[in-house]
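# Architecture at a glance
Okay, here's what each chain looks like letter by letter:
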Amino acid sequence: MLSSPWARFYSNSCCLCCHVRTGTIILGIWYLIINSVVLLILLSALTDPDQYHLTSAELGGEFEFMDDANMCIATAISLLMILICAMATYGAYKQHAAWIIPFFCYQIFDFALNTLVAISVLIYPSTIQDYLRQLPNNFPYKEEIMSVNPTCLVVIILLFISIILAFKGYLISCVWNCYRYINGRNNSDVLVYITTNDTAVLLPPYDDPANGAAKDPPPPYVSA
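Residues numbered from 1 in each chain as written. Predicted model: local features only at pLDDT ≥ 70, side-chain atom pairs only at ≥ 80, totals over all residues. Heavy atoms only, no water.

## Regarding the overall build of the chain
Short version of the rule: Secondary structure elements follow DSSP: runs of H or I no shorter than four residues count as helices, runs of E no shorter than two count as strands, and numbering proceeds from the N terminus. Think of it in three bands: with a 1.4 Å probe and only protein chains considered, a residue is buried below 20% of the maximum accessible area for its type, exposed above 50%, and partly exposed in between. By the convention used here, residues are in contact when the closest approach between their heavy atoms is within 4.5 Å. Working definition of accessibility: Shrake-Rupley area with a 1.4 Å probe, residue cover restricted to the visible protein chains.
A tally of regular secondary structure across the chain gives nine helices and zero strands. What you see in the chain, going N to C, is helices and strands ordered as α-α-α-α-α-α-α-α-α. In the chain, which comprises 224 residues, the share counted as buried stands at 25%. Here the analysis covers contacts within the chain between residues at least 6 apart in sequence; of these, 72% occur between residues at least 24 apart. Total accessible area on the chain stands at roughly 16,400 Å², and carbon and sulfur atoms take up 68% of it.

In structure tokens:
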């Protein structure tokens with residue numbers, strides 16, 4: 001029997017030798033905590049704008065940092081992420097495969113964005129220096145970073161992004177294996193229910209209708 005080429009990457013265990021369900025639950029809770037902390041920071045910034053407000057003079061540019069519109073958008077995104085992470089955690093715990101799909105799609109989208117960043121750095125390496133020049137003057141280690149050789153800086157950034165992409169790809173495979181495990185388990189439960197049901201209908205063999213048609217006709221009726 002031929003198997004799919006993706007079947008070789010399927011495994012029921014992930015990091016620390018735990019089950020993929022357990023790993024997905026831990027991952028969902030971790031993302032849930034991070035987005036909850038971000039949401040609390042954003043809500044506190046909305047209630048007290050002066051605490052997180054940076055003027056254009058402090059940033060060294062002609063723009064403001066996180067105005068009200070951006071804060072509202074970031075808050076809405078945090079709320080959406082909390083909902084997606086909660087759905088993934090609940091789906092992995094209750095073995096509902098469909099609840100994991102939004103979180104899996106978010107992982108794919110995040111992986112694609114990081115890949116585009118790596119490609120842009122590789123194609124346009126000069127954008128790194130332009131980005132460093134736009135940073136505030138009081139940004140930590142700004143002068144030290146700008147003094148590094150541009151080629152070495154590009155290599156370091158690409159290596160760092162590659163490590164992040166490899167880690168994110170591994171997490172994507174864990175969530176995908178969890179989805180396959182739950183989906184396969186639910187399908188096997190349905191199959192067991194069908195095979196153990198006593199209302200099965202047995203069809204006649206394929207050759208029986210043909211044999212019945214080939215039988216000799218009954219003798220003609222003769223009246224006494």
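## Describing the environment of Met81
Within the secondary structure layout, Met81 lies in helix 4 (residues 68–94). On the accessibility criterion, Met81 (9% relative accessible area) is buried. Along the backbone, Met81 and Leu39 are 42 residues apart, and their C-alpha atoms lie at a distance of 10.0 Å. Once residues within four sequence positions are removed from consideration, Met81 is found in contact with Asn35 and Tyr106.

## Section: unusual backbone geometry
With the exception of glycine, the majority of residues adopt a negative phi angle, and the majority of peptide bonds are in the trans configuration. Within the chain, Gln95 stands out as a residue other than glycine whose phi angle is a positive 60°. In this structure, Gln95 sits in the loop between helix 4 and helix 5 (101–123). Assessed through its relative accessible area of 19%, Gln95 is described here as buried.

## Description of helix 1 (residues 20–47)
Note the threshold: Multiplying 1.5 Å by the helix residue count minus one yields the expected span of that helix.
End to end, helix 1 covers 40 Å across 28 residues, agreeing with the expected 40 Å (1.5 Å per residue, within 8%). Among the residues of helix 1, Val20, Arg21, Gly23, Thr24, Ile25, Leu27, Gly28, Tyr31, Asn35, Leu39, Leu42 and Ala45 are the ones counted as buried.

## Let's talk about the confidence of the model for the chain
Heads up, the rule is: For every residue, the predictor states its confidence as a pLDDT score lying anywhere from 0 to 100.
The predicted model of the chain has a mean per-residue pLDDT of 76, with 67% of residues at 70 or higher. Across the chain, the element-wise mean pLDDT spans from 48 in helix 3 (residues 56–59) up to 92 in helix 5. Counting interchain partners and residues more than four positions distant, the pLDDT-below-50 stretch residues 1–9 has three contacts. Predicted confidence is poor over residues 190–198, with pLDDT under 50, and the contacts of this stretch with residues over four places away or in other chains come to zero contacts.

## Observations concerning the pattern of salt bridges
Short version of the rule: Between Lys or Arg on one side and Asp or Glu on the other, a salt bridge is scored when a side-chain nitrogen of the former is within 4 Å of a carboxyl oxygen of the latter.
One pass over the full model with this rule turns up two salt bridges. In this structure, Arg133 engages Asp130 in a salt bridge whose closest nitrogen and oxygen atoms are separated by 2.9 Å. Of the two residues, Arg133 and Asp130 both sit in helix 6 (residues 126–134), three residues apart, roughly one turn of that helix. Classification of Asp130 by relative accessible area gives partly exposed; the value is 37%.

## Some points on the packing of aromatic side chains
Each aromatic ring pair is summarised here by two numbers: the centre-to-centre distance and the angle between the ring planes. Put simply, the rule reads: Note on ring pairs: Phe, Tyr and Trp rings are taken, using the six-membered ring of Trp, and paired if centres are within 6.5 Å. Classes follow the plane angle, with under 30 degrees stacked, over 60 edge-to-face and the rest tilted.
Applying the stated criterion across every chain, the model contains six aromatic pairs. A ring pair is formed by Tyr31 and Tyr106, whose centres lie 6.1 Å apart and whose planes are at 85°; its orientation type is edge-to-face. Of this pair, Tyr31 sits in helix 1 while Tyr106 is found in helix 5, placing the two residues 75 residues apart along the sequence. When its relative accessible area of 15% is taken as the criterion, Tyr31 is described as buried. Judged by relative accessible area, Tyr106 falls into the partly exposed class, the value being 23%.

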